[in-house]
Amino acid sequence: MMLQQVMAKPRRLAGKGPGYMFCARSSRLSLIEERFLEAVEYGNIPEVRRMLEEQLDLDVNCVNYMGQNALQLAVANEHLEVSELLLKRNNLARIGDALLLAISKGYIRIVEAILCHKVFSQGERLANSPSQAEIHDDFFAYDEDGTRFSQDISPIILASHCHEYDIVHVLLMRGARIVRPHDYFCQCCSCSSDQKLDSFSHSRARINAYKGLASPAYLSLSSEDPVMAALELSNELALLANIEKEFKNDYKKLSMQCKDFVVGLLDLCRSTEEVEAILNGDPEPCEDAKPPGRQNLIRLKLAIKYELKKFVAHPNCQQQLLSVWYENMSGLRQKSTVVKVLVVLGVALGLPVLALMYWMAPSSKIGKVMRGPFLKFMAHAASFTIFLCLLIMNASDRFEGTTLLPNMTTHDHPSQLFRMKTTRFTWMEFLIISWVTGKIWAECKEIWSQGLREYLSEPWNFLDFGMLAIFVASFVTRLMAFWHAYSAQSYVDKHYTDLSNVTLPVEIEYFQLARIKWVPSDPQLISEGLYAIAVVLSFCRIAYVLPANESFGPLQISLGRTVKDIFKFMVIFILVFVAFMIGMFNLYSYYLGAKQNDAFTTVEESFKTLFWAIFGLSEVKSVVINNDHKFIENIGYVLYGVYNVTMVIVLLNMLIAMINSSFQEIQDDADVEWKFARAKLWFSYFEEGGTLPVPFNLVPSPKSIIAFVVGVGNLILLPLTRQTEDRTDDTELNELSEQKDVTVHTSTCPSRHQKIMNRLIKRYIIKAQIDKDSDEVNEGELKEIKQDISSLRYELLEDSNHSTRQLVELVRTLGERVCDVFIKGETEQQRGTPN
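A brief structural summary. Owing to the predicted nature of the structure, the values given are computational and were not obtained by experimental measurement. (Residues numbered from 1 in each chain as written. Predicted model: local features only at pLDDT ≥ 70, side-chain atom pairs only at ≥ 80, totals over all residues. Heavy atoms only, no water.)

Digging into the overall build of the protein chain
Step number 1: Helix and strand counts for the protein chain come out as 39 helices and zero strands.
Step number 2: Looking at the protein chain as a whole, 37% of its 835 residues are labelled buried.
Step number 3: Carbon and sulfur atoms make up 60% of the accessible area of the protein chain, which amounts to about 49500 Å² in all. (Helix = DSSP H or I, 4+ residues; strand = E, 2+ residues; numbered from the N terminus. Buried < 20%, exposed > 50% of the residue type's maximum accessible area, 1.4 Å probe, protein only. Areas by Shrake-Rupley, 256 points an atom, 1.4 Å probe, with all protein chains shown as cover.)

Digging into the nonpolar core
Step number 1: Counting residues in hydrophobic clusters, the biggest one holds 124 residues, and the most contacted among them are Phe36, Ile114, Leu300 and Phe311.
Step number 2: Element by element, the count of residues in this core is highest for helix α16 (residues 248-267), at eight residues.
Step number 3: If near-sequence neighbours (up to four positions away) are discounted, Phe36 is found in contact with Val48, Met51, Leu52, Leu58, Val60, Cys62, Ala70 and Leu86.
Step number 4: With 23 residues, the next largest nonpolar core counts Phe573, Met581, Ile614 and Tyr643 among its residues. (Core = buried A, V, L, I, M, F, W, Y, C linked by side-chain atoms within 4.5 Å. Contact = heavy atoms within 4.5 Å.)

Some remarks on the packing of helix α21 (residues 337-349) against helix α22 (residues 351-360)
Step number 1: In contact at an axis separation of 4 Å, α21 and α22 are set at 70 degrees when each is read in the N-to-C sense. One element, α21, and the other, α22, form an angle in the roughly perpendicular class. Here α21 contributes Val347, Ala348 and Leu349 to the contact with α22, which in turn contributes Leu351, Pro352 and Leu354.
Step number 2: Counted by class, the contact of α21 with α22 contains six nonpolar, no polar and no charged residues. (Axes fitted to C-alpha atoms, helices over the stretch in contact; angles between N-to-C directions. Parallel < 35°, antiparallel > 145°, perpendicular 65-115°, else oblique. Nonpolar A, V, L, I, M, F, W, Y, C, P; charged D, E, K, R; others polar.)

Digging into the environment of Arg94
Step number 1: Relative to the helices and strands, Arg94 is located in the loop between α6 (80-87) and α7 (95-105).
Step number 2: Distance from Arg94 to Phe139, taken between C-alpha atoms, is 4.5 Å for residues 45 residues apart in sequence.

Observations concerning a positive patch on the surface
Step number 1: A contiguous patch of positive charge on the surface is contributed by Lys245, Lys248, Lys252, Lys564 and Lys568.
Step number 2: Elements with a contribution of two residues or more to the positive patch: α16 and α31 (552-588).
Step number 3: Residue class for Lys568 comes out exposed when judged on its relative accessible area of 58%. (Patch = residues over 30% accessible without salt bridge, like charges linked within 9 Å, V, L, I, M, F, W, Y side chains within 5 Å. Salt bridge = Lys/Arg side-chain N within 4 Å of Asp/Glu carboxyl O. Lys, Arg positive; Asp, Glu negative; His and termini not counted. Charge placed at Lys NZ, Arg CZ, Asp CG, Glu CD.)

Observations concerning the packing of helix α18 (residues 298-305) against helix α34 (residues 670-683)
Axis angle and axis distance: for two packed helices, these are the angle between their axes and the distance between the axes, and together they describe the pair.
Step number 1: In contact at an axis separation of 11 Å, α18 and α34 are set at 125 degrees when each is read in the N-to-C sense. Judged on the interaxial angle alone, α34 and α18 are oblique. For the pair α18 and α34, the sense of crossing is left-handed. Residues Leu300, Lys301, Ala303 and Ile304 of α18 form the contact with α34, whose participating residues are Phe676, Ala679, Lys680 and Phe683.
Step number 2: In the contact of α18 with α34, the residues fall into six nonpolar, no polar and two charged. (Left-handed = near helix turned anticlockwise from the far one by under 90°.)

Quick notes on unusual backbone geometry
Step number 1: Residue Pro695 is reached from Val694 by a cis peptide bond, and omega for that bond is 0 degrees.
Step number 2: Along the chain, Pro695 falls in the loop between α34 and α35 (702-716).
Step number 3: In this model, Arg94 sits at a positive phi of 60 degrees, which is unusual for a non-glycine residue.

Focus on the pattern of salt bridges
Step number 1: Tallied over the full model, the rule gives 27 salt bridges.
Step number 2: Here Arg759 and Glu274 are joined by a salt bridge, their closest N and O atoms 3.4 Å apart. Placement of Arg759 in helix α38 (residues 752-773) and of Glu274 in helix α17 (residues 272-280) is noted, with a sequence separation of 485 residues between them.
Step number 3: Among the residues examined, Arg759 registers a relative accessible area of 35% and is labelled partly exposed.
Step number 4: The partner of Glu809 in a salt bridge is Arg812, and the shortest N-O contact between them spans 2.2 Å. Of this pair, Glu809 and Arg812 both sit in helix α39 (residues 779-832), separated by three residues, roughly a single helical turn.

By themselves, these observations are geometric and do not establish any function.
This is the structure:
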């Protein structure tokens, strides 16, 4: 019995049919209302007009089973005439939903017809979304009453989502704007309340707003500088992708959409002037910031910072970069490789002369050539090459092996201590110190000009900082060793003349000992170790200039990506390595001296054994115990085997796969990656200053002295300047008020940059419309054609019926007249006949 009751419930529910949820709504329609909605849906204009005129009590806001009223049905089926008839009625509901529906389908004429309605006389209706409208307002149909759109969608946002340029333009002309969402970490009352009420809806509203802002239609039509707006929005969306992980793909897609928009504008440039307008922005506000003739390339700098690789690697952009790179040396660009190599050798050999000439006359012709990016790069590269040669030459006396063995000592005279020979700085080392000092000064100037945050954003600066810090630490410890040896030598010189048969104090005797007897913490040993690391880092610095070459550039980029993969891999590697290292140590720490070797008996031995096991340099006997503790030994075999399988087979192959994937990714887009890396390298030499390479930058130039004096003078005169500014405040206000009308007049006249951007935007919009029109006919367009044919059929039927009624009326009138004439003729004939 219970089973029958359980089985009966689904049968009763199933019997209600698929329209059960909508039956209550559709049952309220009268027969006239159903005929009215059907006529509206099929575009029967004569029937709709007749019912609106004759049925005065007809409810035009009645809805069908899906909750759609007549206006929504007319808009959905693109019946413009029917929509215009309905919009003439008073108390029409859901006009906002009809507008959103027309926008979503791209019906521009219906949108314009709806916007002419009196409810849009105030601009607030266009800016508000359904969630911002009044609760009891019937302008929108809410989720429980048949709306198709989210409550945070406003007309301008929807038009931007659909990339409807014409509709976006119409809405913008009426004052509609997309409100930029607050910062993600904003704690204002509005954001806090929305987050607490419904965090998901709050996040979706933010995404929908950003989708509208990132739309090419909105970017191109709403911004005076769409390139700058797209660059900043792209960076903001990229940051949000890393913050809101749950919507990461959405934000990354929008960020890429902004980047593609900028690339599309650059692709439409037809002259150098237009390319410069995109790369430099509007030069009028900052025309005094750069010397005449040098482009500021502020947009390009921003693109490099935000990593818009396709934009930077675009041929138009690269062409402009190349012209700046060979500034003041344009003829060298067309020369052969042999000529360029000779120029490079000439710069390297004549670097001291060129530096001296620039120091004496920076504004001369040679000085201007030296300030050019190409020659500046060559000068710095030559300087760094000389520095590397000094590092090599500093060890040239030991190339074939040192003559002073570790157990030997030597001295120049009987009273000289051995350490005075080893700690003294050579002339080669003094040159190296001068190069390091000049590099430190160059880095300090770079930090001062760029700012600490901008400086730390470049990974190569970390390498420079580490290299210089290690060099300084090496020189400092070497100086400490020399100072200690010098102090001991001073003591010897004061008390002894010959050290042949003299017993020295212990602290003095130490400086006579051979190298093998030095303590491990000896400053000279530490200095030599740090110096070796610094030399390695110095040669690694060569990779910085590799992007200048097309062959080595992609390899350097792949190497950098590989290093990043290794750092990611190291997290898992260290976890596994530490786990087995501690586990094996705990297992064998009690068997020190009871094993065939000391592996795993200490933490150090455990680390060494497991590390070299990765390269197959550890033996299996490392887990063997000399006694009969087979259980411990078997556990050791198992753990050691699992470690080798995990590290060698799994993790190392995973690292190889990661490196291969990164390398293949770079190779697939090698041209873009290389051009972007080369642009970053070139741009670092576009900035003013830093012309003299290391170590010539240590000598103050006349230009630097003049700039320093001017800066000090400005600091001294600052209080007087403030007093003068206070006195002239009123005068400036009067001048501003007098110039206000002139400013307003000039602001209405577009600048050259604005005219160029307007041309590019027009081309972009035309291209977008052509691409949209060239798409294949889809199912929706076929449906529209079918609906137009249906509307035309009703109109033709109405015209046919009207013509038929007119014809019947004419036939009836003609018959009546014929009858009248016939009767009249009969009557006259009867009168004229005699009896």
